Every structure is written in structure tokens, then in C-alpha cells.
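Below are the chains, spelled out letter by letter.
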Amino acid sequence: MKTRERFRGIGRAPLIALRIMTQGRYDFVYDRMAISQRRMSWAKRTNLARSGLNFFYRRIQPWSMPLHMQFELGNQCNLRCPVCPTGNRELDRPPQMMDLSLFRDTMAEVGPYLLTASLWGWGESLLHPQLAGFLREAQKYKITVLLSTNGQNLDQDEVIDAIAEYPPTYLIVAIDGITDETNSRFRIGARLAPVIAGMRRLVERKKRMHRSLPILQMRFIEMKHNRHELPQVEAFAASLGFEMIAFRTLCIIASDLGISAHGRLAEGTTESGKDPCDGEGVGHVCMHPFWFPTLFADGTVVGCDQDFNAQKPMGRISAGLKFRDLWTGAEAAAVRRVIRDESETLAFCRNCPEKQRNRTDASYRAIWLDCDRKRDFMMEG
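First, a word on scope: everything that follows refers to the structure included in this document. The shown structure was predicted, so the numbers you read here are calculated from the model rather than taken from an experiment.

**Considering the packing of aromatic side chains**
Now for step 1: If you walk through the whole model with that rule in mind, you get eight aromatic pairs.
Now for step 2: Aromatic ring contacts, followed pair by pair, group Phe 71, Phe 103 and Phe 134 into a single cluster.
Now for step 3: Sitting above the plane of the Trp 327 ring, Arg 336 keeps its charged end 4.4 Å from the centroid.
Now for step 4: When the ring centre of Phe 247 is taken as reference, the NZ or CZ atom of Arg 365 above it lies at 4.3 Å.

**Some remarks on the pattern of salt bridges**
Now for step 1: On inspection of all chains with the given rule, the structure shows 14 salt bridges.
Now for step 2: When the shortest N-O distance is used, the salt bridge between Asp 31 and Arg 248 registers 2.7 Å. Here Asp 31 is found in the loop between strand E1 (26–30) and strand E2 (33–37), whereas its partner Arg 248 is found in strand E8 (residues 244–249), with 217 residues between them in sequence. For the pair shown, Asp 31 and Arg 248 are each scored as buried.

**Side note on the pairing of E8**
Taken residue by residue, a regular strand's side chains alternate between the two faces of the sheet.
Now for step 1: Within E8, six of the six residues are buried, which leaves it mostly tucked inside the rest of the structure.
Now for step 2: Residues Met 244, Ala 246 and Arg 248 line one face of E8 and the alternating positions Ile 245, Phe 247 and Thr 249 line the opposite face, and both faces are buried.
Now for step 3: Judged from the six bridges that link them, strand E7 (residues 215–222) and E8 form a sheet pairing that is parallel. Residue pairing across strands places Glu 222 opposite Thr 249, the latter belonging to E8.
Now for step 4: For the segment spanning E7, helix H8 (residues 230–240) and E8, crossover handedness is right-handed.
Now for step 5: With five bridges connecting them, E8 and strand E12 (residues 363–368) associate as antiparallel partners. The residue bridging Met 244 from the neighbouring strand is Trp 368, located in E12.

Definitions and cut-offs
- Counting starts from 1 at the beginning of each chain's written sequence and moves along it residue by residue.
- For this predicted model, a pLDDT threshold of at least 70 governs which residues receive local features, and a threshold of 80 or more governs which side-chain atom pairs are given and counted, while totals over whole chains, interfaces and linings are taken from all residues.
- The side-chain figures draw on all heavy atoms in the structure; neither hydrogens nor water molecules are used.
- Each aromatic pair joins two rings of Phe, Tyr and Trp (for Trp, the six-membered one) with centres within 6.5 Å, and gets the label stacked for planes under 30 degrees apart, edge-to-face for over 60, and tilted for any other angle.
- Whether a charge sits over a ring comes down to the Lys NZ or Arg CZ being within 6 Å of the ring centre and within 35 degrees of the ring normal.
- A side-chain nitrogen of Lys or Arg and a carboxyl oxygen of Asp or Glu constitute a salt bridge if their distance falls within 4 Å.
- Helix numbers and strand numbers start at the N terminus; a helix is a DSSP run of H or I with at least 4 residues, a strand a run of E with at least 2.
- Three labels apply to residues, based on accessible area from a 1.4 Å probe with only protein chains included: buried if under 20% of the type maximum, exposed if over 50%, partly exposed otherwise in between.
- Strand pairing is assigned whenever DSSP identifies at least 2 bridges connecting the two strands.
- Think of it like this: strands point away, you trace from the first strand over the helix to the second, and a clockwise trace means the crossover is right-handed.

Dropping the structure here:
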């Protein structure tokens, strides 16, 4: 979170808190996506109000449970993106798929308090054979569910069935080119055919079932090799049935390989040569370990997903150790203290993508292809 955003949040806190406690309503934007929480339970209202205290003081023992949480369904991928630690083989953790029971038990603890659940990590989530089970469990809680994919498995029957029957709030499909040649330049091994076929089937299934969800978002990372296709991206997305597009620029990860790849692929990101997400000189306040942890596939909890090799874990969920035990434990407090007070000692903090941006959102621009759809979604809440 940027310093100016934090101060703006502090200024708006009294009005927001009043609306939360009296109306059970909270509207916000998460990475350019409209999020609307209505009719919240008293447990969620109280937790949200308590978490707001972290705007004033990032306490190493938070007063609240997480507001947002990321769940790595698996750390295996079918592509080899050069700045991803899974794609460039820098991920030291053994390949693993998350056990559905781990997700179910953790959601039983955190689900009543969460605003959002992001079902992805350092791997391709649609590869999980129990995807439907994860989506079904997430639907038990009144939260915004985000699912992100590279789309290479989107045309498979079991994937279409899972997403259609238990739709996430947003389905984010990463496409970085409108031709195979351009898209696979960064997403090495990717093909557009399964993405196109899957999108058409999913759109048709939504219409047949009279479903408003998932909201279909195309995510496009702008780089120098695909910039010439930008004028055609909107028409391409609309032809496939996407309801919105989000644009990003490429950020580095905490590795020399990532840095070099960033320079090679992202140089001259815009025509002016200036990255619209450039956050140089913009103050940054990390809130991740205080309200946005990540659960890796093996049960390890980290304060930030950028700690992809779990260098500073909060602990690991096991038979005798639940998420709350880790969240409130001494190890988690020590992690928060280091990230808060000595972040430059950690590689994943030094090269933090949020520090590179001029605002918290990873996407610098978003287009709703159907403005009525956005309005209807905000009204539905």
C-alpha cells in the first residue's frame, strides 16, 4: 500500500466504519476490480473494523483475522514464463497440489472473516483435479472469490463444469498477445486455441444457465514485443466474450534472472518509454503480513506471496497446528517485525513488485467492455 493511499484510508475511516457497522456494507476496488460486500455478518463487520487499526499501527500481533487470503492450489505449471520462479525453475519447493481438506479446514477458520479469496499461487490452478471441490467450498462463505489462469486447460470438460457450477466472482485469464507468436513470446509454451475454445464454451454455458458469474476478465501484460497489438486488444477480448480487460506492466521478482528478464522484455513499455506503474520515489507501507497472508500447497503460511520459497514462513499447518495458531504465534510476529522494520534484509522485500508501482493495484488500467454489467454487479453486491 502506498503512503498516500494509507493516509487517504485513515481520513475516510470514520465514515467507512460507520457504514460497515450500521449497514453491513463495504465497497472497494481490488486491482481495478469492483468488490461489493453487503449484509455482512457481525463477525465480519467487527473483524473489518479491528483490522482498520492497522492503518494507524502495524502491530506484530494483529487485532484481527485476515481480510484477504491467497491459496496456492498447486505449484506446478504447464508454461515456462521467464520471470516466474516456477517457470524459470527457481522454485525450490517440491511440486505439490493442495489437499482439499487443508483448504476446507482453513476456510472454516478464516472464511467467516474474509473479504476475498484468491485461488492461485506459483502454479496453474486449473491443473488441480479437484478444482470443483475448492470452488464449492469457497462458495459456502459470503466472500469474493478470484480465480486466475493461463487458460491452457480452459477447454477441458471438468474445468468448464467446475467453473459453471461453482462460479468464482471473477475469472481472470492471462493473455499477452492476440496471436500465438506474440502470446508465447512471454508465456512460453502457450497456445491460444484452448483459451478461445474454453471461453466460447464458458460464455455459452453462462447464457444457458442464466448465470451472471463469473465476471470474465482478460489480463494483458504490456511489453515491448506486444505493444503493437494494443489497438486490437479490446476487439479481440470482446469477440471472446470477456466483460473487462486489465492492463499491467511487467514487474521483477526477487532474483537476478527475473531482473534481467524484466529488462529484456519490458524495456520501453510505453511509447514514451516511461512505465505507467513506475513507483520510484512513492512511499510504500506493506500490509500483507497484517491482513493478506498466503497459504502454500503444502500448508506453509507466509506473510507475502513474493516469499515464493518460504524463506520467512509463519509456520506450517499440521494435524495439531491450525491457521489461527500460526497467525497469532510468535513466529508470525517475528516475520511481521522483520518485514515492518528491516525489510531491506529480505530479497523478496527489496524487489517487491508493489514498491515498483505508483499505486497498490497491479493493473494500471482497466476497461469494462459492458458498462451495464459493471453497474448491475455493483447493484447486486
